[in-house]
Amino acid sequence: MAFVHTTVLAQETVTTVAQAARTACVAGEGLVVDCTLGGGGHSAGVLAATQDLPGLQVVGIDRDPAALAAASERLDGFGPRFVAVHGQFGQFSMLLQQLGLLHDGAPRLPLVGVIADLGVSSPQFDEPERGFSFRFDGPLDMRMDPSQGLTAAELLAQVKLEDLADVLYQYGDITRSIGTARIVLDEFGKGATTTALLAQRLAARLKHNRSMHPATQVFQALRIWVNREYDELNALLDQVPWMLADDGALALITFHSGEDRPVKQRFAELARSGAFALPVRRGVVPSDSETQSNVRARSARLRVLVRGEQSAAGRYFATRRREDDEDGEADEEEIANEEK
Ligand SMILES: C[S@@+](CC[C@H](N)C(=O)[O-])C[C@H]1O[C@@H](n2cnc3c(N)ncnc32)[C@H](O)[C@@H]1O
């Protein structure tokens, strides 16, 4: 099946990283790491926008071998400027080490840009056998890397009630978590071991409003649990900022408040240290036209951390009014400027 994923906040992310590369490369050399290669959309944009920087190398990481294969084929034309690597971005330093791009814990080339577009790709979500979605029936798998770790079904078969309740509370914002966990385990034990069947049984037993399917938050929580998504994010936030070159940028796209909160907090702490700048205070949200053409972009928010002073970061951002979907109010919002 063809790997089709519509890149979210493509222009804003590519502009940010390409401009950071232009400012932060030393003698025309630098390194960009796309931690979530997926279909290669962001990497392709950065590579195309920096054709005049032949010394800029892009490394694309993905834990999903199918994404890696599709993106490698798509980006083949960029030759040795692009390298794909299979792995988890939580092991950022180790992966760079394996590629010979780290020396004594520091990148051999100035790390001018890092992209992380969190969450799943459309093919992961749309292929029933991957088990992420309850729109179709499939095995309760949910592993982004099908070659490693336990599936959702394997975890559910061995989890204790209280631990599952914690997962639902922390990763799915489910407040009646003990009751919900009991229903999930009860239905799973009675044979609801596939995605659509479990969702159907949950719909019959969970209280819900009409705006969201009652299984949505449960499935989100299970997915985050299976893939240890928050551990991965925290490991990335621990490693990347201080590895950035001066004027280098970390561009991170989140899709729900649970993953946005730690990013926002960590970026704010780093900015308070005086060594980093936040060029877009509240992050960048997609334009109306993007959310109309791609529903998956609706909850996206791009946050940018720049190593160095605010003035450097300010060179490639402009202030303009944008409806901010965080509080539903029109607000003075800084968004990435089009590359001039
Ligand atoms: C939203 S998609 C990225 C799409 C990509 N930016 C594009 O434009 O085509 C997220 C990708 O990140 C990968 N991913 C998620 N968490 C990961 C992790 N911890 N380590 C490596 N890859 C991860 C997923 O397998 C998926 O392919």
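Every residue gets a number counted from 1 within its own chain, in the order that chain's sequence is written. Thresholds applied to this predicted model are a pLDDT of at least 70 for local features of residues and 80 or more for the giving and counting of side-chain atom pairs; totals over whole chains, interfaces and linings are not thresholded and use all residues. No hydrogens and no water enter the side-chain calculation; it runs on all heavy atoms of the structure.

So, the packing of helix α7 (residues 161–172) against helix α8 (residues 177–189)
Helix-helix packing is characterised by the crossing angle of the two axes and by the distance between the axes.
Part 1: Their axes nearest at 8 Å, the elements α7 and α8 cross at an angle of 115 degrees. The handedness of the crossing between α7 and α8 comes out as right-handed. Between α7 and α8, the contacting residues are L161, E162, L164, A165, L168 and Y169 on the first element and S177, I178, T180, A181, R182, V184 and L185 on the second.
Part 2: The nonpolar class holds Ala, Val, Leu, Ile, Met, Phe, Trp, Tyr, Cys and Pro. Asp, Glu, Lys and Arg form the charged class, and all remaining residues, Gly among them, are polar. Class assignment of the residues belonging to the contact of α7 with α8 gives a composition of nine nonpolar, two polar and two charged. The convention used is that axes are lines fitted to C-alpha atoms, helices contributing only their stretch in contact, and that angles between N-to-C directions extend from 0 to 180 degrees. Segments assigned H or I by DSSP are reported as helices when at least four residues long, segments assigned E as strands when at least two residues long, and all are numbered from the N terminus. Definitions for this section: a left-handed crossing has its near helix turned counterclockwise from the far helix by less than a right angle. A right-handed crossing has that turn clockwise. When checking whether two residues touch, look at their non-hydrogen atoms; a contact exists if any pair is within 4.5 Å.

Describing the side chain of R307
Part 1: On the secondary structure map, R307 appears in strand β9 (residues 301–307).
Part 2: Although R307 lies buried, it forms no salt bridge, and the closest oppositely charged side chain, D246, sits 4.5 Å away as judged by the N-O distance.
Part 3: We call two N or O atoms a polar contact when they sit within 3.5 Å, provided that within protein one can donate a hydrogen and the other can accept it, with sequence-adjacent residues counted only if both atoms are side-chain atoms. There is a polar contact of 3.0 Å between the side chain of R307 and the backbone oxygen of W242.
Part 4: Only 2.9 Å separates the side chain of R307 from the backbone oxygen of L244, close enough to count as a polar contact.
Part 5: Aside from chain neighbours lying at most four places away, what touches R307 is P241, W242, M243, L244, A245, D246, D247, G248, A275 and F276. When accessible area is computed with a 1.4 Å probe and restricted to protein chains, residues below 20% of their type maximum are described as buried, those above 50% as exposed, and intermediate ones as partly exposed. A residue counts as positive if it is Lys or Arg and as negative if it is Asp or Glu; His and the chain ends are not included. Here, a salt bridge means any Lys or Arg side-chain nitrogen found within 4 Å of an Asp or Glu carboxyl oxygen.

Considering the packing of aromatic side chains
Each aromatic ring pair is described using two quantities: the centre-to-centre distance and the angle formed by the ring planes.
Part 1: Two rings from Phe, Tyr or Trp (for Trp, the six-membered ring) form a pair when their centres are within 6.5 Å of each other. A pair whose planes differ by under 30 degrees is stacked, one over 60 is edge-to-face, and the rest are tilted. For the structure shown, the criterion picks out three aromatic pairs.
Part 2: Measuring from centroid to centroid gives 4.9 Å for W242 and F276, while their planes differ by 85 degrees, and the two rings are edge-to-face. With a gap of 34 residues between them, W242 in the loop between α11 (229–239) and β7 (244–254) and F276 in strand β8 (residues 276–277) connect regions that are remote in the sequence.

Quick word on the layout of surface pockets
Rolled over the atoms, a probe as big as a water molecule pinpoints where empty space is left.
Part 1: Using a grid of 1 Å spacing that covers the protein atoms alone, one calls a set of points a cavity when a 1.4 Å probe fits there but cannot get out, and a pocket when the set is open and has protein on both sides within 12 Å along at least five of seven lines; lining residues are those with an atom within 4 Å of a point. Grid points are joined across faces, edges and corners, and a volume is the space filled by probe spheres set on the points. Computed from the structure, the second largest pocket encloses a volume of approximately 410 Å³.
Part 2: Lining the second largest pocket we find 17 residues, and of these I174, L206, K207, H208 and Q217 sit closest to its centre.
Part 3: Residue assignment for the lining of the second largest pocket shows that the elements contributing at least two residues are α8 and α10 (216–226).
Part 4: It is α10 that contributes the most residues to the lining of the second largest pocket, three residues altogether.

Observations concerning the sheet that holds β7
Strand pairing in a sheet relies on backbone hydrogen bonds, with the paired strands running either antiparallel or parallel.
Part 1: Pairs of strands are assigned from DSSP output, requiring at least two bridges between the strands. Strand order in the open sheet formed by seven strands is β3-β2-β1-β6-β7-β9-β8, with mixed pairing between adjacent strands. A single partner strand is all that each edge strand has here, and the edge strands are β3 (82–86) and β8.
Part 2: As paired elements, strand β2 (residues 56–62) and β3 share five bridges and run parallel to each other. Within the sheet, the bridge partner assigned to V58 lies in β3 and is F82.
Part 3: The sheet strands contacting helix α2 (residues 41–49) are β1 (30–34), β2, β3, β6 (111–117) and β7, and the helix crosses β2 at an angle near 180 degrees.

Focus: the side chain of H42
Part 1: Note that H42 resides in helix α2.
Part 2: A polar contact is formed between the side chain of H42 and the backbone oxygen of V8, at a distance of 2.9 Å.
Part 3: With sequence-adjacent residues up to four places away left out, H42 is seen in contact with T7, V8, L9, A10, T13, V14, D34, I115, D117 and I253.

Topic: the environment of F125
Part 1: Along the chain, the position of F125 falls in helix α5 (residues 122–126).
Part 2: Judged by relative accessible area, which is 26%, F125 ranks as partly exposed.
Part 3: Sequence separation between F125 and L68 is 57 residues, and the spatial gap between their C-alpha atoms is 16 Å.
Part 4: Non-local contacts of F125, meaning those with residues more than four positions away in its chain, are made with V120, F132, S133, R135, F136 and R296.

Observations concerning the site of the ligand
Part 1: Around the ligand, 25 residues are found, and the nearest of them are T7, D62, D117, Q124 and E232.
Part 2: G39 has a polar backbone atom sitting 2.9 Å from an oxygen atom of the ligand.
Part 3: A distance of 2.9 Å separates a nitrogen atom of the ligand from a polar side-chain atom of H42.
Part 4: Surface accessibility follows the Shrake-Rupley procedure with a 1.4 Å probe radius. Residue values consider only the protein chains on display as shielding. Protein coverage of the free-state accessible area of the ligand, which is 600 Å², stands at 98%.
Part 5: Of the residues assigned to the shell around the ligand, the class counts are seven nonpolar, 13 polar and five charged. Each residue is tested against the molecule or strand, and it is near if at least one of its non-hydrogen atoms lies within 4 Å.

Concerning the state of the cysteines
Part 1: Criterion for a disulfide: a pair of cysteine sulfur atoms within 2.5 Å. Using the criterion set out here, one finds zero disulfides in the structure.
Part 2: Cysteine C25 shares no disulfide, and the gap to the nearest cysteine sulfur, in C35, comes to 17 Å.

As for unusual backbone geometry
Part 1: Positive phi outside glycine occurs at D104, with the angle close to 50 degrees.
Part 2: Here D104 lies in the loop between β4 (102–103) and β5 (106–107).
Part 3: The residue D247 is not glycine, and still its phi comes out positive at about 75 degrees.

Some thoughts on the domain arrangement of the protein chain
Part 1: For the domain bounds, the source is a domain assignment made automatically or taken from a database. What the domain assignment reports for the protein chain is domain 1 (10–122 + 229–336) and domain 2 (145–226).
Part 2: Distance between the C-alpha centres of domain 1 and domain 2: 31 Å.
Part 3: Listed per partner, the contact involves 10 residues of domain 1 and 10 residues of domain 2.
Part 4: Two parts placed together each lose some accessible area under a 1.4 Å probe, and adding up what both lose gives the buried area. Roughly 800 Å² is buried in total at the junction of domain 1 and domain 2, and carbon and sulfur atoms are behind 46% of that figure.

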